[in-house]
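Coordinate analysis (summary)
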Amino acid sequence: MTLTLNNRSRNKESSLTQALRQIQQLNSKIAVLEQQHQDYVQKQQNLISAIAEICVSPIQEIQALRILIYKGEAACRQYLRSVLVKQRKTSSSSGAQ
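As the structure is a prediction and not an experimental result, all values here were calculated from the model. (Residues numbered from 1 in each chain as written. Predicted model: local features only at pLDDT ≥ 70, side-chain atom pairs only at ≥ 80, totals over all residues. Heavy atoms only, no water.)

1. Remarks on helix α2 (residues 58-71)
For α2, which comprises 14 residues, the first-to-last C-alpha distance of 19 Å matches the rise-based estimate of 20 Å (1.5 Å per residue) to within 8%. Among all positions in α2, only Q60, A64, I67 and L68 are buried. Burial along α2 is one-sided: seen end-on, the buried residues are contained in an arc of 100 degrees. Summarising the geometry of α2, the exposed residues directed more than 90 degrees from the buried face are P58, I59, I69 and Y70. Just past α2, the residue G72 takes up positive phi, approximately 105 degrees. (Helix = DSSP H or I, 4+ residues; strand = E, 2+ residues; numbered from the N terminus. Expected span 1.5 Å × (residues − 1). Buried < 20%, exposed > 50% of the residue type's maximum accessible area, 1.4 Å probe, protein only. Arc of directions from axis to C-beta.)

2. Overview of the environment of I67
Locating I67 in the fold gives a position in helix α2. Residue class for I67 comes out buried when judged on its relative accessible area of 11%. Expressed as a C-alpha distance, the spacing of I67 and R77, which sit 10 residues apart in the sequence, is 9.2 Å. Contacts of I67, omitting those with residues within four sequence positions, involve G72, A75, C76 and Y79. (Contact = heavy atoms within 4.5 Å.)

3. Quick look at the side chain of Q44
Mapped onto the elements, Q44 comes out in helix α1 (residues 2-54). Classification of Q44 by relative accessible area gives buried; the value is 12%. Look past the residues within four positions of Q44 in its chain and what remains in contact with it is L68 and E73.

4. Topic: the pattern of salt bridges
Counted according to the given criterion, the structure contains one salt bridge. Linking E73 and R77 is a salt bridge whose minimum nitrogen-to-oxygen distance equals 3.1 Å. With E73 and R77 both in helix α3 (residues 73-96) and four residues apart, the pair spans about one turn of that helix. For E73, a relative accessible area of 24% puts it in the partly exposed group. Using a relative accessible area of 33% as the deciding quantity, one classes R77 as partly exposed. (Salt bridge = Lys/Arg side-chain N within 4 Å of Asp/Glu carboxyl O.)

5. Considering the confidence of the model for the protein
Looking at the protein, the pLDDT average stands at 89 and 88% of residues meet or exceed 70. Within the protein, α2 carries the highest mean pLDDT (96), whereas α1 carries the lowest (88). (pLDDT = per-residue confidence, 0-100.)

Below, the structure is given as structure tokens:
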């Protein structure tokens with residue numbers, strides 16, 4: 001009888017230990033995901049600031065935001081680079097005249 005109770009106690013303790021370990025693992029994963037989310041939000045805020053700085057017209061800003069939303073960060077950065085190149089060409093053309 002005592003042996004059966006001891007086994008049950010050990011099994012419950014083992015189950016509780018496993019559950020506690022799983023909770024700790026989940027908490028670690030949550031912490032990693034929260035950090036990744038913060039990094040993502042910071043990148044997006046930086047990119048939105050860059051859009052505001054680089055784009056000279058509301059149409060360009062809207063286009064950049066659409067690209068960011070639908071195609072992602074890399075495509076948006078590529079669009080902003082193309083806008084900068086066009087601006088440089090325009091300013092060098094008007095400077096040469």
